[in-house]
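The residues making up each chain are set out below.
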Amino acid sequence: MELWDKGTDGQSNVPLLHSLPIQRTCDYVLVANKVDDDTNQRSLRQSAFLEELKKKNIAVTEIKFDEKIFFGLRVPSEILENYQYLLKVSDSCNYCREENGISQANKIRIVNFILNNTFINTGENLEELMRKDVFETMFCLHEKKDQKNLQQKWARWSALFTEQPFDDIKYYFGEKVALYYLWLSWYTKLLIPAAAVGVVIFLYALAFFNTSPLIKEVCDSNITMCPRCDGNKAQSRCKAWQLSDTCTYAKVSHLFDNEGTVAFAMFMAIWATFFLELWKRHRATYVSKWNVYDWCEEEEELIMKIVNDPNCPPKEFRHSYLRSTLVLILVTVM
């Protein structure tokens, strides 16, 4: 669809691909080179891998363009509904309630997990097939509407001094990426007082630049220093030097290493503690808002494995009164 819409950008009026129905847009794309011989090992492996995906109800759309074949993959709504339901009933994960259904980032993560955990009869997965040139590459697709929305709100210079749309970033790129930019924004804001104090310390050193006793002692010194060489070098190269030769170095060093530097170091130690504690509070606000406070990656990976296996037998939970009675008796005895 992105290639087909290229003609609307004013670059070309000829679509690169034939128009496709809107309902057949894809979540992921596998790219392979054309193989004319159907009995070729690469062609057989391609077909075997795609058949395994179809068994998992992944919709596959084949598009041929020049010498390439694009396999568009779309995850069915049943898999997404099962994923959301398992998250909802999970004890270790919070249920991410999406107003507009599951987010694009989570949808891509589900498809990516299924692709990397699908094996053909030879035991090869997608990574091994790509190493053997069965598939050339794989990539996920942008949602054009959401992408333009982020470009207008976020990815432009005029938005430099405005608050970042963290909710939109989270919906499009996922919680991890959104938390990274949340931390980056908070870190930049908290650097402002540290930078202000640093400038004050620098101006202090600049104000007392000419009255520093250390600079005067070095620049007005008549002390002759020992030669800077060891015994392995010829004595003709070892020359004595004056302490006043380091006057420029002493002046530059004084701007960044002076009496005020000690106070600045103390301030930065306190600043680092405040930054860490305030960041925990700020992060907890968004983490609670996004319902991922007690998120468990191991639990979600287990849910992914269940969703990835279409033949996973459901097991009904049955309460064991015998176990409960034994536990109560043991606790009472203890």
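Residues numbered from 1 in each chain as written. Predicted model: local features only at pLDDT ≥ 70, side-chain atom pairs only at ≥ 80, totals over all residues. Heavy atoms only, no water.

Side note on the overall build of the protein chain
And step 1. Of the regular secondary structure elements, the protein chain holds 12 helices and six strands.
And step 2. The 334 residues of the protein chain split such that 31% are buried.
And step 3. Pairs at least 24 residues apart make up 67% of the contacts formed inside the protein chain by residues separated by at least 6 positions. (Helix = DSSP H or I, 4+ residues; strand = E, 2+ residues; numbered from the N terminus. Buried < 20%, exposed > 50% of the residue type's maximum accessible area, 1.4 Å probe, protein only. Contact = heavy atoms within 4.5 Å.)

Some points on the UniProt feature "transmembrane region" (unreviewed entry) in the protein chain
And step 1. In this numbering, the UniProt entry assigns the feature "transmembrane region" (unreviewed entry) to residues 190-209 and 261-279.
And step 2. Measuring from the first to the last C-alpha atom of residues 261-279 gives 26 Å, for a span that is 100% helix and 0% strand. (UniProt positions renumbered as here; feature names shortened; annotations may be inferred.)

Brief notes about the pattern of salt bridges
And step 1. Per the counting criterion, the structure on display carries 10 salt bridges.
And step 2. Salt-bridge contacts for arginine 45 lead to glutamate 124; the nearest nitrogen and oxygen are separated by 2.8 Å. Here arginine 45, found in helix H1 (residues 41-55), pairs with glutamate 124, found in the loop between helix H3 (104-116) and helix H4 (126-131); they are 79 residues apart in sequence, far enough to count as distant. (Salt bridge = Lys/Arg side-chain N within 4 Å of Asp/Glu carboxyl O.)

What about a negative patch on the surface?
And step 1. Taken together, the side chains of Asp36, Asp37, Asp66 and Glu67 make up a negatively charged region of the molecular surface.
And step 2. Within the fold, aspartate 37 resides in the loop between strand S1 (28-33) and H1.
And step 3. Overall, aspartate 37 belongs to the partly exposed group, its relative accessible area being 41%. (Patch = residues over 30% accessible without salt bridge, like charges linked within 9 Å, V, L, I, M, F, W, Y side chains within 5 Å. Areas by Shrake-Rupley, 256 points an atom, 1.4 Å probe, with all protein chains shown as cover. Lys, Arg positive; Asp, Glu negative; His and termini not counted. Charge placed at Lys NZ, Arg CZ, Asp CG, Glu CD.)

As for the packing of H3 against helix H11 (residues 297-308)
And step 1. At a minimum axis separation of 10 Å, H3 and H11 run at an interaxial angle of 65°. Here H11 runs roughly perpendicular to H3, going by the angle between their axes. In the packing of H3 onto H11, the handedness of the crossing is right-handed. Here H3 contributes Arg109, Ile110, Phe113 and Ile114 to the contact with H11, which in turn contributes Glu300, Glu301, Met304, Lys305 and Asn308.
And step 2. Among the residues forming the contact of H3 with H11, the class breakdown is four nonpolar, one polar and four charged. (Axes fitted to C-alpha atoms, helices over the stretch in contact; angles between N-to-C directions. Parallel < 35°, antiparallel > 145°, perpendicular 65-115°, else oblique. Left-handed = near helix turned anticlockwise from the far one by under 90°. Nonpolar A, V, L, I, M, F, W, Y, C, P; charged D, E, K, R; others polar.)

Brief notes about the environment of glutamate 175
And step 1. Mapped onto the elements of the fold, glutamate 175 is located in helix H7 (residues 175-207).
And step 2. In this structure, the C-alpha to C-alpha distance between glutamate 175 and asparagine 106, residues 69 residues apart in sequence, is 9.3 Å.

Brief notes about the nonpolar core
And step 1. Of all hydrophobic cores here, the largest spans 30 residues; its most connected members are Phe49, Leu53, Tyr83, Ile110, Leu115 and Phe135.
And step 2. Counting only elements with at least two residues in this core, the list comes to S1, H1, strand S3 (68-74), helix H2 (77-89), H3, H4 and H11.
And step 3. Per-element tally for this core: the top contributor is H3, with six residues.
And step 4. For tyrosine 83, the residues in contact, after removing those within four places along its chain, are Ile102, Arg109, Ile110, Trp295, Glu300, Ile303, Met304 and Val307. (Core = buried A, V, L, I, M, F, W, Y, C linked by side-chain atoms within 4.5 Å.)

Comments concerning the environment of valine 177
And step 1. With respect to the helices and strands, the residue valine 177 is situated in helix H7.
And step 2. Under the relative-accessibility criterion, valine 177 is labelled partly exposed at 31%.
And step 3. Separated by 11 residues in the primary sequence, valine 177 and phenylalanine 166 have C-alpha atoms spaced 9.5 Å apart.

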